Amino acid sequence: MKILIFLGFATMVCAQYNRYPYNPDYYGRRFAILRQTQNSSPDGSYSYSYDTENGISVAEQGTPKFIGPNQIESVRGQFSYTAPDGTPILLTYTADENGFLPNGAHLPTPPPIPVAIQRALAHNAAHPEEEEPYRRY
């Protein structure tokens, strides 16, 4: 029984250490904040930004927006950093009634729609069929 408890404990410890690849230059050090600003106003708008000594830069602005009876927050922001492989990453985003919309050169893009499917979609849009209120079999 003691062996089973010891093996379970050893497995948990090994899983924690092997969870992420350890790179002391990237993960093992804390970096100082070089610049930081925060602003908020009574109307609900805000902005904040900060830069760290390892090259992380973050900025975001938000304002309340009324759409009908509901209030939403319209947010614009960006962040940048250097990936562990040396690739510079810059992501800009907006979040509002249309959802979260990120934009960055490193994000994957969908393949183009084939011409045959584009023609079929155009044909379907030009020739809508009348919908029946219920199916008849």
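Keep in mind that this is a model prediction, so the values were computed, not measured.

> Is there a simple way to explain the overall build of the chain in this structure?
Along the chain, the regular secondary structure elements total 2 helices and 6 strands. Along its sequence from the N terminus, the chain presents helices and strands in the succession α-β-β-β-β-β-β-α. A buried classification covers 11% of the 137 residues belonging to the chain. Taking the intrachain contacts of the chain between residues at least 6 apart in sequence as the baseline, contacts between residues at least 24 apart amount to 13%.

> Can you help me understand helix H2 (residues 115–126) in this one?
Residues spaced three or four apart along an α-helix point in a common direction, a consequence of the helix completing one turn every 3.6 residues. If you check H2, its first and last C-alpha atoms are 16 Å apart, about what 12 residues at 1.5 Å a residue would give, namely 16 Å. With 0 of 12 residues buried, H2 is to be regarded as a mostly surface element.

> Would you take a moment to explain the pairing of strand E2 (residues 46–52) for this structure?
Relative to E2, strand E1 (residues 33–40) is paired through 7 bridges, and the arrangement is antiparallel. Each residue of the ladder has a partner; that of Asn39, found in E2, is Ser47. Counting the residues in the hairpin turn of E1 and E2 gives 5 residues, including Gly44, whose phi is positive at 100°. Between the end of E2 and the start of strand E3 (residues 57–67), which pair antiparallel, lie 4 residues, with Gly55 showing a positive phi angle near 100°.

> Would you mind showing me how to read the environment of Thr52 here?
Residue position: Thr52 is located in strand E2. Sequence separation of Thr52 and Arg30 is 22 residues, and the distance between their C-alpha atoms is 9.9 Å. With near-sequence residues (within four places) excluded, Thr52 lies in contact with Ala32, Ile33 and Leu34. There is a polar contact of 2.4 Å between the side chain of Thr52 and the side chain of Asn54.

Cut-off values and rules
Residues numbered from 1 in each chain as written. Predicted model: local features only at pLDDT ≥ 70, side-chain atom pairs only at ≥ 80, totals over all residues. Heavy atoms only, no water. Helix = DSSP H or I, 4+ residues; strand = E, 2+ residues; numbered from the N terminus. Buried < 20%, exposed > 50% of the residue type's maximum accessible area, 1.4 Å probe, protein only. Contact = heavy atoms within 4.5 Å. Expected span 1.5 Å × (residues − 1). Pairing = 2+ DSSP bridges. Polar contact = N/O pair within 3.5 Å; in protein donor to acceptor, adjacent residues only side chain to side chain.

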